[in-house]
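Chains, contacts and geometry: an overview
Read off the chains here:
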Amino acid sequence: MDPNMIKFRRLIFEDLPLMYDWIRNDRFVNRFWAYNKKEPYEKVTQEFSDYIKRVEPTDPYLILYNDTPIGYIQTFNWSDYPVFEKYVDLTNSASLDLFIGEEEYRNKGLGTKILSRFLSQFVFSDESVDRCIINPEVNNSIAIRAYEKVGFQIIKMVPDIPEEPGPVFFMSLDRHNFQG
């Protein structure tokens, strides 16, 4: 798959049914995205609606491949969530979360290409961000491998974080070590 076909578009309200479908109906996505399969549309889409309206300090994007929506990616500054500072030093750090919602685009090597492009275009384009720190669940081995391929390193395992379904790894990538 051609990495030059990867683009990002800010999430809009018209995308919410697609987001709901991916999160609710795809067992791979909902396994790692903290929603119960039985959650109603309004509950699942409220979080994303708040991002779109900029009520919450998270920037949401659709991942496009050749203009076809294939997944979701978001970024935020850790300074907007100071409660997490007790787990690891988050000074001048941003984060990201993503999933590929369309099954035919998984396991094709796109994850690392999406990460590299997004880190270049959005995360590290902000000069105030010195590093990107993420916190995948420890049993999400596919995502962890993709993060490691881009240069993220595990810095700490935290067994219990509120609002996370299980233990997580904090992984870090410094701006100066990023080779996107």
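I will try to describe carefully the structure that is included in this document. (Residues numbered from 1 in each chain as written. Predicted model: local features only at pLDDT ≥ 70, side-chain atom pairs only at ≥ 80, totals over all residues. Heavy atoms only, no water.)

1. Here we look at the overall build of the protein chain
Applicable threshold: Labels follow the DSSP assignment, with helices taken as runs of H or I lasting at least four residues and strands as runs of E lasting at least two, numbered in each case from the N terminus. Note on method: radius of gyration uses C-alpha positions; expected globular size equals 2.2 Å times residues raised to 0.38. Remark: exposure states derive from per-residue accessible area (1.4 Å probe, protein chains only) relative to the maximum for the residue type, with buried under 20%, exposed over 50%, and partly exposed in between.
The secondary structure content of the protein chain amounts to five helices and seven strands. In the protein chain, the succession of α and β elements from N to C terminus is β-α-α-α-β-β-β-α-β-α-β-β. Computed over the C-alpha atoms, the radius of gyration of the protein chain is 15 Å, within 12% of the 16 Å expected from 2.2 N^0.38 for a compact globule of 180 residues. Out of the 180 residues belonging to the protein chain, those deemed buried represent 48%.

2. Digging into the nonpolar core
Counted only if it meets this: Throughout, nonpolar core names a set of buried Ala, Val, Leu, Ile, Met, Phe, Trp, Tyr and Cys residues whose side chains join them through atoms within 4.5 Å. Residue contacts are counted whenever heavy atoms from the two residues lie within 4.5 Å of one another.
Ranked by size, the top nonpolar core spans 32 residues in total, and within it Leu96, Ile114, Leu119, Val123 and Tyr147 carry the most contacts. Within the residue set of this core, elements represented by two or more residues are strand 1 (6–10), strand 2 (58–65), strand 3 (68–77), strand 4 (93–100), helix 4 (110–123), strand 5 (131–134), helix 5 (141–150) and strand 7 (168–174). Look past the residues within four positions of valine 123 in its chain and what remains in contact with it is Thr75, Ala94, Leu96, Phe118, Val129 and Cys132. Counting residues in each nonpolar core, the second largest holds 14 residues, with Met19, Leu62, Leu64 and Phe99 among its members.

3. Side note on the side chain of serine 93
We apply this condition: N or O atoms closer than or at 3.5 Å make up a polar contact, with two conditions inside protein: a donor-capable atom paired with an acceptor-capable one, and, for residues adjacent in sequence, both atoms drawn from side chains.
Among the structural elements, serine 93 can be located in strand 4. Judged by relative accessible area, serine 93 falls into the buried class, the value being 4%. Within the structure, the side chain of serine 93 is placed 3.3 Å from the side chain of arginine 131, a separation counted as a polar contact.

4. Considering the sheet that holds strand 3
Basically, it comes down to this: Strand pairing requires that DSSP identify at least two bridges connecting the strands. Structural elements are reduced to axes, namely lines fitted to C-alpha atoms, with helices fitted over the stretch in contact, and the angle between N-to-C directions of any two is expressed from 0 to 180 degrees.
Across the sheet, seven strands lie side by side as 1-2-3-4-5-7-6; this open sheet has mixed pairing. The outermost strands of the open sheet, each flanked by one partner alone, are strand 1 and strand 6 (153–158). When strand polarity is set aside, the average angle formed by the axes of neighbouring strands in this sheet is 30 degrees. Packed onto the sheet, helix 5 meets strand 4, strand 5, strand 6 and strand 7 and runs at close to 20 degrees relative to strand 7.

5. Focus on the environment of tyrosine 72
Relative to the assigned elements, tyrosine 72 resides in strand 3. Each C-alpha atom of the pair tyrosine 72 and tyrosine 147 lies 16 Å from the other, and the pair is 75 residues apart in sequence. A polar contact is formed between the side chain of tyrosine 72 and the side chain of glutamine 74, at a distance of 2.6 Å.

6. Re the packing of helix 4 against helix 5
The condition that has to hold: The scheme is simple: roughly parallel for angles under 35 degrees, roughly antiparallel for over 145, roughly perpendicular for 65 to 115, oblique for anything else. Left-handed is the label given to a crossing in which the near helix is rotated counterclockwise from the far helix by less than a right angle, and right-handed is the label when the rotation is clockwise. Residues are sorted three ways: Asp, Glu, Lys and Arg are charged, Ala, Val, Leu, Ile, Met, Phe, Trp, Tyr, Cys and Pro are nonpolar, and all the rest, Gly among them, are polar.
With their axes 9 Å apart at the nearest point, helix 4 and helix 5 run at an angle of 50 degrees to one another. Of the possible angle classes, the one that applies to helix 4 and helix 5 is oblique. Handedness of the crossing formed by helix 4 with helix 5: right-handed. Touching Thr112, Leu115, Ser116 and Leu119 of helix 4 are Ala146, Tyr147, Lys149 and Val150, all from helix 5. When grouped by side-chain class, the residues that make up the contact of helix 4 with helix 5 number five nonpolar, two polar and one charged.

7. Some points on unusual backbone geometry
The backbone of aspartate 67 sits at a positive phi, close to 70 degrees, despite the residue not being glycine. Tracing the backbone shows aspartate 67 in the loop between strand 2 and strand 3. By relative accessible area, which is 51% here, aspartate 67 ends up exposed. One non-glycine residue, asparagine 92, lies in positive phi territory at about 55 degrees. Among the structural elements, asparagine 92 can be located in the loop between strand 3 and strand 4. Of the residues examined, asparagine 92 reaches a relative accessible area of 42% and is grouped as partly exposed.

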